[in-house]
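What follows is the residue order along each chain.
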Amino acid sequence: MITQQVVAPISKLRHKDLLGISDLTPEEILLILDTAEAMREIGERPIKKVPALRGKTVVNLFFEASTRTRTSFEIAEKRLSADTLNIAAGTSSVVKGETLVDTAMNLEAMAPDMIVVRHAYSGACHMLSRICKAGIINAGDGMHEHPTQALLDAFTIREHKKRIKGLKVAIIGDLLHSRVLRSNVQLLTKLGADVWVSGPPTLMPPGIERQGVRTTTSVDEAVEGADVVMLLRVQLERMQGSFFPSLREYFSVFGMTRERLRRAKEDVIIMHPGPMNRGVEIDSEVADGPYSVILEQVANGVAVRMAVLYLLAGGAEHETAA
Amino acid sequence: MPVIMDANRMGRTLARIAHEIVERNRGTDRLNLVGIRTRGDVLAKRLAKALEQITNEPVRTGALDITLYRDDLMRHVVGPQPLVRRTEIPFSIDDQKILLIDDVLYTGRTIRAALDALIDFGRPKEIQLVVLVDRGHRELPIKADYVGKNVPTSLKESVQVRLSETDGTDEVSVTSEHE
């Protein structure tokens, strides 16, 4: 039968790779979120596995530390029955001096279907997508993008607020070094949210206003009437030089506390992409409090990544008759 | 576009199938309906109503999306695939009789996928198959237990089932490919 009851206005992604939110149209974003709704149900079954990616090989190539994202991708791949293998930079030939391109070409020679890549250099995934036949999924490249994080954030917001358009979303923290910020700003503005960003002036990316967001160095102004408050980690490992006097001072000026949160809407949700620095960007009381959806974000990550893997892997033309 | 079943006839057909189900199963004890999305689940709800009218006992229904179990997925690197919808089976199927419901039985591949999907939810006592239209041309050894109407077709033809819940009208028609 021809299936016409379509939720998203499109039913396919016309891409080999997911390199960033910047390549996606609003319709494609909604398709991924709708597909993730269906994928989440699989995680609630007694047998949490479907045969959709049977016989496909997915390589998880991680050049940077990760627990959440790598595990989440691996669980997603396994639930779709793909064969997965993990390569962490510390245990690979990278320590012997092999370049990223050589590593990728050698992997490519073994014909994987998809490669999930995390790398410290912005643009690493774009480069790999040009030399690899395998589909490339960006799991975070330097300070550039982290598209699946933004997608799972949007999924979590939509689940709580039933919409994204018109919501006031305050993103607070180390904006400069955050790929989560760059992906989230693109996604949320594409779907019509009112995005505010706040942090120390030294950590404000130049020209961020041009992305359609409002900037302020006052956390209180950003939080005022917000539907969603998203905290970003202070990424000390990426900081060369001093951007603020001390972590204690950072917390006292920009840290999210219960008092600061009173300015937000009553049904505000608190998000954090993890890993959290308790007592730096977020107070424990807030992180573990009733408004926190931080662990839901992690749970939703699996469903969203299943949707991305499934949609990118592609399928045959839909049979028109059952 | 010849219409082979109109709304009246569809209503009578479903009522007749409901009676056959009750007769064969001696009631509706431990009987659950699972419809294959998107039109099978609409038919499942209608059949449940028809069964309840006969026996005055409630009958549980669920909806099954078989997209992730299809055997024609992933044949190309990049390409369109059907939208994945939620599977909703809000009850345990262990030791239950499951009536699997679809609108059109054709190659049998959808039913093969549905059987695989169902088995992932547990171990039903028995699975029976209900289809509104059997158009022939099986590619797998699958046979329906209850058939609304047998319609001999050629491979060039396509069978369209429209239901008022999803398409605004109750009707089954046969069209040839290039009409």
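Anything mentioned here points back to the structure above.
Parameters at a glance
- Residues numbered from 1 in each chain as written.
- Chains lettered and ligands numbered in written order.
- Predicted model: local features only at pLDDT ≥ 70, side-chain atom pairs only at ≥ 80, totals over all residues.
- Heavy atoms only, no water.
- Helix = DSSP H or I, 4+ residues; strand = E, 2+ residues; numbered from the N terminus.
- Rg over C-alpha atoms; globule rule 2.2 N^0.38 Å.
- Buried < 20%, exposed > 50% of the residue type's maximum accessible area, 1.4 Å probe, protein only.
- Contact = heavy atoms within 4.5 Å.
- Lys, Arg positive; Asp, Glu negative; His and termini not counted.
- Charge placed at Lys NZ, Arg CZ, Asp CG, Glu CD.
- Polar contact = N/O pair within 3.5 Å; in protein donor to acceptor, adjacent residues only side chain to side chain.
- Axes fitted to C-alpha atoms, helices over the stretch in contact; angles between N-to-C directions.
- Left-handed = near helix turned anticlockwise from the far one by under 90°.
- Nonpolar A, V, L, I, M, F, W, Y, C, P; charged D, E, K, R; others polar.
- Core = buried A, V, L, I, M, F, W, Y, C linked by side-chain atoms within 4.5 Å.
- Pairing = 2+ DSSP bridges.
- Expected span 1.5 Å × (residues − 1).
- Parallel < 35°, antiparallel > 145°, perpendicular 65-115°, else oblique.

### Thoughts on the overall build of chain A
Part 1 of the argument: Scanning chain A for helices and strands turns up 11 helices and 9 strands.
Part 2 of the argument: The C-alpha radius of gyration computed for chain A amounts to 20 Å, which stays within 12% of the reference 20 Å derived for 322 residues, consistent with globular compactness.
Part 3 of the argument: Taking the principal axes of the C-alpha coordinates as reference, chain A spans close to 55 × 55 × 40 Å.
Part 4 of the argument: Going through the 322 residues of chain A one by one, you find that 57% of them count as buried.
Part 5 of the argument: Intrachain contacts of chain A at a sequence separation of at least 6 include 73% that bridge at least 24 residues.
Part 6 of the argument: Taken together, the 38 basic and 39 acidic charged side chains of chain A have centroids lying 1 Å from each other.

### Things to note about the environment of Ser178(A)
Residue and element names in this part refer to chain A.
Part 1 of the argument: Among the secondary structure elements, Ser178 is positioned in the loop between β5 (168-172) and α6 (179-190).
Part 2 of the argument: A relative accessible area of 2% means that Ser178 is categorised as buried.
Part 3 of the argument: Measuring from C-alpha to C-alpha, the distance between Ser178 and Arg238 comes to 9.7 Å, with 60 residues separating the pair along the chain.
Part 4 of the argument: Within the structure, Ser178 has its side chain in polar contact with the backbone nitrogen of Leu181 (distance 2.9 Å).

### Topic: the packing of helix α5 (residues 147-161) of chain A against helix α11 (residues 294-313) of chain A
Residues and elements named next belong to chain A.
Part 1 of the argument: Two elements in contact, α5 and α11, have axes separated by 8 Å at closest approach and are oriented at 115°. Crossing hand, α5 versus α11: right-handed. Across from Thr148, Gln149, Leu151, Leu152, Asp153, Phe155, Thr156, Glu159 and His160 in α5, the residues of α11 making contact are Glu296, Gln297, Asn300, Gly301, Val304, Arg305 and Val308.
Part 2 of the argument: Classifying every residue of the contact of α5 with α11 gives 5 nonpolar, 7 polar and 4 charged.

### Observations concerning the nonpolar core
Part 1 of the argument: Judged by nonpolar contacts, the single largest core of 90 residues is most densely connected at Met39(A), Leu151(A), Ile171(A), Val197(A) and Leu64(B).
Part 2 of the argument: Here this core gets 11 residues from one element, more than from any other, and that element is α11(A).
Part 3 of the argument: Beyond its immediate stretch of four places on either side in the chain, Met39(A) contacts Leu80(A), Ala303(A), Met306(A), Ala307(A), Tyr310(A), Leu68(B) and Val84(B).
Part 4 of the argument: Judged by nonpolar contacts, the second largest core, of 30 residues, contains Met10(B), Ile17(B), Val59(B) and Tyr146(B).

### Topic: the sheet that holds strand β2 (residues 83-88) of chain A
Strand pairing in a sheet relies on backbone hydrogen bonds. The paired strands run either parallel or antiparallel.
All names here are of chain A.
Part 1 of the argument: Strand order across the open sheet formed by 4 strands is β2-β1-β3-β4, with parallel pairing between neighbours. Only two strands of the sheet have a single partner each, and these edge strands are β2 and β4 (135-141). Adjacent strand axes in the sheet meet at a mean angle of 15°, parallel and antiparallel pairs treated alike.
Part 2 of the argument: The pairing of strand β3 (residues 114-119) with β4 spans 5 bridges and is parallel. Within β4, the residue paired with Val116 across the bridge is Ile137.

### Brief notes about the sheet that holds strand β6 (residues 194-198) of chain A
Residues and elements named next belong to chain A.
Part 1 of the argument: Strand order in this open sheet of 5 strands is β7-β6-β5-β8-β9, and the pairing throughout is parallel. Strands with a single pairing partner mark the edges of an open sheet, and in this sheet they are β7 (214-216) and β9 (269-271). Averaged over all pairs of adjacent strands, the angle between their axes in this sheet comes to 20°, without regard to strand direction.
Part 2 of the argument: Alignment of β5 against strand β8 (residues 228-231), held across 4 bridges, turns out to be parallel.

### Side note on unusual backbone geometry
Part 1 of the argument: In this chain, Gly274(A) is followed by Pro275(A) through a cis amide linkage whose omega measures -10°.
Part 2 of the argument: By the element assignment, Pro275(A) lies in the loop between β9 and α10 (284-287).
Part 3 of the argument: With an omega of 10°, the peptide bond between Arg37(B) and Thr38(B) qualifies as cis.
Part 4 of the argument: Mapped onto the secondary structure, Thr38(B) falls in the loop between β2 (31-36) and α2 (39-55).
Part 5 of the argument: Look at Asn56(B): it is not a glycine, yet its phi comes out positive at around 60°.
Part 6 of the argument: Relative to the elements of secondary structure, Asn56(B) occurs in the loop between α2 and β3 (60-64).
Part 7 of the argument: We classify Asn56(B) as exposed; its relative accessible area is 69%.

### Points about the environment of Ser92(B)
Residues and elements named next belong to chain B.
Part 1 of the argument: Relative to the assigned elements, Ser92 resides in the loop between β3 and β4 (97-105).
Part 2 of the argument: On the accessibility criterion, Ser92 (46% relative accessible area) is partly exposed.
Part 3 of the argument: Distance from Ser92 to Pro124, taken between C-alpha atoms, is 8.8 Å for residues 32 residues apart in sequence.
Part 4 of the argument: A polar side-chain atom of Ser92 sits 3.2 Å from the main-chain amide nitrogen of Asp94.

### A word on the side chain of Gln128(B)
Residues and elements named next belong to chain B.
Part 1 of the argument: Considering the arrangement of structural elements, one finds Gln128 in strand β5 (residues 126-134).
Part 2 of the argument: For Gln128, a relative accessible area of 1% puts it in the buried group.
Part 3 of the argument: A polar atom in the side chain of Gln128 sits 2.8 Å from the side chain of Glu126.
Part 4 of the argument: Filtering out sequence-adjacent residues up to four positions away, Gln128 remains in contact with Arg24, Asn25, Lys97, Ile98, Leu99, Leu100, Asp145 and Tyr146.

### Comments concerning α6(A)
Residue and element names in this part refer to chain A.
Part 1 of the argument: The first and last C-alpha atoms of α6 sit 17 Å apart over 12 residues, in line with the 16 Å expected at 1.5 Å per residue.
Part 2 of the argument: Burial analysis of α6 places 9 of its 12 residues in the buried class, the great majority of the element.
Part 3 of the argument: All buried positions along α6 are accounted for by Arg179, Val180, Leu181, Ser183, Asn184, Val185, Gln186, Leu187 and Leu188.
Part 4 of the argument: A distance of 3.3 Å separates the backbone nitrogen of Val180 from a side-chain oxygen at the start of α6, and that oxygen is part of Ser178.
Part 5 of the argument: Directly after α6, the chain includes Gly192, whose backbone phi takes a positive value near 85°.

### Some points on the packing of helix α1 (residues 7-25) of chain B against α2(B)
All names here are of chain B.
Part 1 of the argument: Axis separation between α1 and α2 bottoms out at 9 Å; the angle between their running directions is 60°. Looking at the two axes, α1 sits oblique to α2. Like other packed secondary-structure pairs, α1 and α2 cross with a definite hand, here right-handed. Residues Met10, Leu14, Ile17, Ala18, His19, Ile21 and Val22 of α1 form the contact with α2, whose own contacting residues are Leu43, Arg46, Leu47, Ala50, Leu51, Ile54 and Thr55.
Part 2 of the argument: Across the contact of α1 with α2, the residue classes tally to 11 nonpolar, 2 polar and 1 charged.

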